[in-house]
Amino acid sequence: MTHPYIGLPTIAYWKTGVAALNPLQLSGLWQPKFPVTGEDRIVTAGSCFAQHIGRALSARGYRWLDAEPAPPFLKPEDASAYNYGIFSFRTGNIYSARILRQWLEMAFGAEVPACLNWETEGRFFDGLRPAIEPNGFETLGEMIASREACFAAIRKAVNQGSVFVFTLGLTESWYDAESDTEFALCPGTVAGTFDAQQHKFRNHRHAGILKDMKAAIKLIRRKNPEMRVLLTVSPVPLTATASGAHVLTATSRSKSTLRAVAAELAEDYDFVDYFPSYEIITHPVWRGMFYAPNQRSVVSEGVDVVMGHFFADQDRAYPDRAKPDQGGKGKAGADTKRAQNPDAGDVKCEEELLNAFAR
Amino acid sequence: MLSRVEAQSPPTKLCIFGDSHLSAASRALKEAPVLGDLAYEFWGADGPSFRDLTLVDGRITPGKIAKDVVATVNGQGRETLGPTDFDAFLFYGARLRMSEFMPPMLDLLARPFAHVSAAVARKQVRSFLGKTRSYRFAQHFAAQNPKASVVFTPTSLLTADILPRVANGYRYAKKAQEPHRAILRDLLDEAGREDGITFLHQPERTIVKGMFTDPAYGIAGAQEDKDAVHKAPAYARLILETYAKQVCLPVTQV
């Protein structure tokens, strides 16, 4: 008698794929759909964890595309403080699919509503990225000009990139009731003033996230038909939830929804892939060993393991792909430069600021 | 534009401190006594010797390499230079290179859709100034002798048409206009004010092609020697005349 579960590769069985191995010996967790080569121009965006991926790729000489580089003479620590060299453009963390969609649509011409212009004590903050300048902007005009520069950088990245790495982070969000525009963070936390009538909470559901991601991907591909998309889900738990649930269950609700969306997108599009950094960090097989004592932050060893899987699985699937160190192919160029600073290991996470409100 | 130094009275004793650019200043003063009755001394060293100048016990002190050069430049036997030795200091050139600072900054300012916030721009300026030793000397002098006039005239932009490749990579700086340069001067002035230092900037009329000095102000033989850095005494004279007008004359005459 025969059936489909006979003769599968070892990774298909829990016993041989997981149970028989030390967790640090697991392999083949990812079957990449396309090679990431030394010649690719890699765009990174998303939540905190995407910073690790960009940094690791850059460190290995891959062509990480910095479309909004730090201006000349800026010290590395200042560049980091002002959010240069963190993502491919100076958006700060993009936590939700809706905000990614908003950024892309606005960069390519959609109207920017005034509700995104925040003022706090005479300083101006961008509701799309309120923590981008530590003390806000001096004038509204300056803030808008800076945002326009970011839009230009997004256009450049979309037009010139070849792999768009996006890390899905959160489902919970705050939006403007009148315009339905979503904010990067809840007004009043980092900047701005919270208005209960104007600012509403929303916990995105699967269908909505899928719709937003499809719209974002469609826009990217319309501008750059060659762009491939590599999705990850941030393994970093929520700092706080406004859902009314316990933050632990709210985290599961959020991450599982995002994970499902990522899977569905990867299954639906041949140019979209999902890399399982989320599983590598969160799965019980690893017993939480990659989390810091606060059970939230991911330690550098965890990032190393994640990226080890990334490159190992790429090597296994595409052993002949052009690598950064192969005969000058894909050699590290200006695209790969990232802010070299003493805090280079620190991931910028505006959400972390919410911790200040934790009792 | 040089802002008025808030001195109680015009200085009586000036030290012109610098590097090889002192040569043009010296020649200019020999050609015309633009500083009037103001007593002045030169103090400094050129080229590699300049790097041998350090602060020792609060005084600019030459090492073995620079000692003889300083003696030659000064000619007055002043072996070291301290903040209270003079009531006015003009840091002349002294390796604070606008040819290094201006082009990339102008390129960013003149680039479409590029933007740098005021806060970031201040950080950039601070970083640029802070890495230049002579500026740190000037900061020290201003801090140690608040009554002194401390003026800094940075090294001018490179002379145009001598090193054509210099402009490569500065597509937008080449098209920069006076308002772009004014933004950078304002930023330098702001930083200088915080440090008690007044900037004396390159006159706008000597600037061509966005980021260069008019060849009319280049040093003699600049083209043959491929020397885009040094300037003619005519340029130094412009600087010194401005300095004299702004600093040397009594307050009532300004």
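Remember, it's a predicted structure, so these values are computed and weren't measured experimentally.

### Considerations on the overall build of chain B
A count of helices and strands for chain B gives 9 helices and 9 strands. The dimensions of chain B, computed from C-alpha atoms along their principal axes, are 50 × 40 × 40 Å. In chain B, buried positions account for 54% of the 254 residues. For chain B, long-range pairs separated by at least 24 residues make up 79% of all intrachain contacts whose partners lie at least 6 apart in sequence.

### Examining the sheet that holds strand S5 (residues 88–97) of chain B
All names here are of chain B. Ordered in space as S2-S1-S5-S6-S7, the 5 strands form an open sheet in which the pairing is parallel. Both edges of this open sheet fall to strand S2 (39–44) and strand S7 (198–199), since each of them pairs with a single strand only. Note that strand S1 (residues 13–18) and S5 share 5 bridges and pair parallel. Across the sheet, the residue bridging to Leu 14 is Ala 88, located in S5. In the packing of helix H1 (residues 22–31) onto the sheet, the strands contacted are S1, S2 and S5, and the crossing angle to S2 comes to about 160°. Where helix H6 (residues 133–144) meets the sheet, its contacts fall on S1, S5, strand S6 (149–155) and S7, and the angle it forms with S5 comes to roughly 160°.

### Thoughts on the packing of helix H6 (residues 206–223) of chain A against helix H7 (residues 247–268) of chain A
All names here are of chain A. Direction vectors running N to C along H6 and H7 enclose 45°, while the axes themselves pass 10 Å from each other. Looking at the two axes, H6 sits oblique to H7. When the axes of H6 and H7 are compared, the crossing they make is right-handed. Residue-level contacts link His 206, Ile 209, Leu 210, Met 213, Lys 214 and Ile 217 of H6 to Thr 257, Leu 258, Ala 260, Val 261, Glu 264, Leu 265 and Asp 268 of H7.

### Re the confidence of the model for chain B
Chain-level pLDDT for chain B is 93 on average; 94% of the residues reach the 70-or-more range. Here residues 1–5 of chain B scores under 50 on pLDDT; set against residues more than four positions off or in separate chains, the count is 23 contacts.

### Regarding the packing of helix H4 (residues 97–107) of chain A against helix H5 (residues 140–160) of chain A
Each packed pair of helices is defined by two parameters, the angle between the axes and the distance between the axes. All names here are of chain A. Packing of H4 against H5 leaves a shortest axis separation of 9 Å and a crossing angle of 95°. In terms of orientation, H4 lies roughly perpendicular with respect to H5. The residues of H5 that touch H4, namely those facing Trp 103, Leu 104, Met 106 and Ala 107, are Cys 150, Phe 151, Ile 154, Arg 155 and Val 158. When grouped by side-chain class, the residues that make up the contact of H4 with H5 number 8 nonpolar, no polar and 1 charged.

### Let's talk about the UniProt feature "domain: GSCFA" (unreviewed entry) in chain A
UniProt tags residues 41–310 of chain A as "domain: GSCFA" (unreviewed entry). Secondary structure across residues 41–310 of chain A divides into 40% helix and 16% strand, with the first and last C-alpha atoms of the span separated by 17 Å.

### A few points about empty space enclosed by the protein
Over the atoms rolls a probe the size of a water molecule, and its path tells where empty space is left. Residue and element names in this part refer to chain B. Enumeration according to the criterion identifies 4 cavities of 30 Å³ or more in this entry. Of the voids in this model, the largest cavity is the one considered here, and its volume is about 80 Å³. What lines the largest cavity is simply His 21, Ala 24, Tyr 92, Gly 93, Thr 153, Pro 154, Thr 155, Ser 156, Lys 231, Tyr 235 and Ile 239. Looking at the lining of the largest cavity, the elements that each hand over two or more residues are S5, S6 and helix H9 (233–248). Taken together, the residues of the lining of the largest cavity break down into 5 nonpolar, 5 polar and 1 charged.

### Description of H6(A)
Across its 18 residues, H6(A) extends 26 Å between first and last C-alpha, which sits within 8% of the 26 Å expected from 1.5 Å per residue. Considered for burial, the residues of H6(A) that qualify are A:Ile209, A:Leu210, A:Asp212, A:Met213, A:Ala216, A:Ile217, A:Leu219 and A:Ile220.

### Quick look at the layout of surface pockets
Estimates place the volume of the largest pocket at around 590 Å³. Forming the boundary of the largest pocket are 25 residues, of which A:Ala67, A:Pro69, B:Leu108, B:Arg111 and B:Ala114 lie nearest the centre. For the lining of the largest pocket, the secondary-structure elements that each account for two or more residues are H5 of chain A together with helix H4 (98–110) of chain B. Here the element with the most residues in the lining of the largest pocket is H5(A); it accounts for 5 residues. Classifying every residue of the lining of the largest pocket by side-chain character gives 17 nonpolar, 2 polar and 6 charged.

### Focus on the environment of B:Lys226
Residue and element names in this part refer to chain B. Looking at the secondary structure, you find Lys 226 in the loop between helix H8 (222–225) and H9. When its relative accessible area of 48% is taken as the criterion, Lys 226 is described as partly exposed. Each C-alpha atom of the pair Lys 226 and Asp 161 lies 9.6 Å from the other, and the pair is 65 residues apart in sequence.

### What about the sheet that holds strand S8 (residues 199–203) of chain A?
Whenever strands of a sheet pair, they do so through backbone hydrogen bonds, lying parallel or antiparallel. Residue and element names in this part refer to chain A. The strand order across the open sheet formed by 3 strands is S7-S6-S8, and the pairing between neighbours is antiparallel. In this open sheet, the two edge strands, each paired with only one partner strand, are strand S7 (182–183) and S8. Sheet topology places strand S6 (residues 172–176) next to S8; 5 bridges connect them, and they run antiparallel. Residue Ser 173 lies in a different strand from S8, and its bridge partner there is Arg 202.

### Topic: a positive patch on the surface
A surface patch of positive charge is lined by B:Arg51, B:Arg97, B:Arg133 and B:Arg136. Tracing the backbone through its elements, the reader meets B:Arg97 in strand S5.

### Description of the side chain of B:Arg185
As for its placement among the helices and strands, B:Arg185 is situated in helix H7 (residues 178–195). Those residues in contact with B:Arg185 that lie beyond four places of it in its chain are B:Met102, B:Glu178, B:His201, B:Gln202, B:Glu204 and B:Ile207.

What counts, and where the lines are drawn
- Residues numbered from 1 in each chain as written.
- Chains lettered and ligands numbered in written order.
- Predicted model: local features only at pLDDT ≥ 70, side-chain atom pairs only at ≥ 80, totals over all residues.
- Heavy atoms only, no water.
- Helix = DSSP H or I, 4+ residues; strand = E, 2+ residues; numbered from the N terminus.
- Buried < 20%, exposed > 50% of the residue type's maximum accessible area, 1.4 Å probe, protein only.
- Contact = heavy atoms within 4.5 Å.
- Pairing = 2+ DSSP bridges.
- Axes fitted to C-alpha atoms, helices over the stretch in contact; angles between N-to-C directions.
- Parallel < 35°, antiparallel > 145°, perpendicular 65-115°, else oblique.
- Left-handed = near helix turned anticlockwise from the far one by under 90°.
- pLDDT = per-residue confidence, 0-100.
- Nonpolar A, V, L, I, M, F, W, Y, C, P; charged D, E, K, R; others polar.
- UniProt positions renumbered as here; feature names shortened; annotations may be inferred.
- 1 Å grid on protein atoms, 1.4 Å probe; cavity = no way out; pocket = protein on both sides within 12 Å on 5 of 7 lines; lining within 4 Å.
- Points joined across faces, edges and corners; volume = space filled by probe spheres on them.
- Expected span 1.5 Å × (residues − 1).
- Patch = residues over 30% accessible without salt bridge, like charges linked within 9 Å, V, L, I, M, F, W, Y side chains within 5 Å.
- Areas by Shrake-Rupley, 256 points an atom, 1.4 Å probe, with all protein chains shown as cover.
- Salt bridge = Lys/Arg side-chain N within 4 Å of Asp/Glu carboxyl O.
- Lys, Arg positive; Asp, Glu negative; His and termini not counted.
- Charge placed at Lys NZ, Arg CZ, Asp CG, Glu CD.

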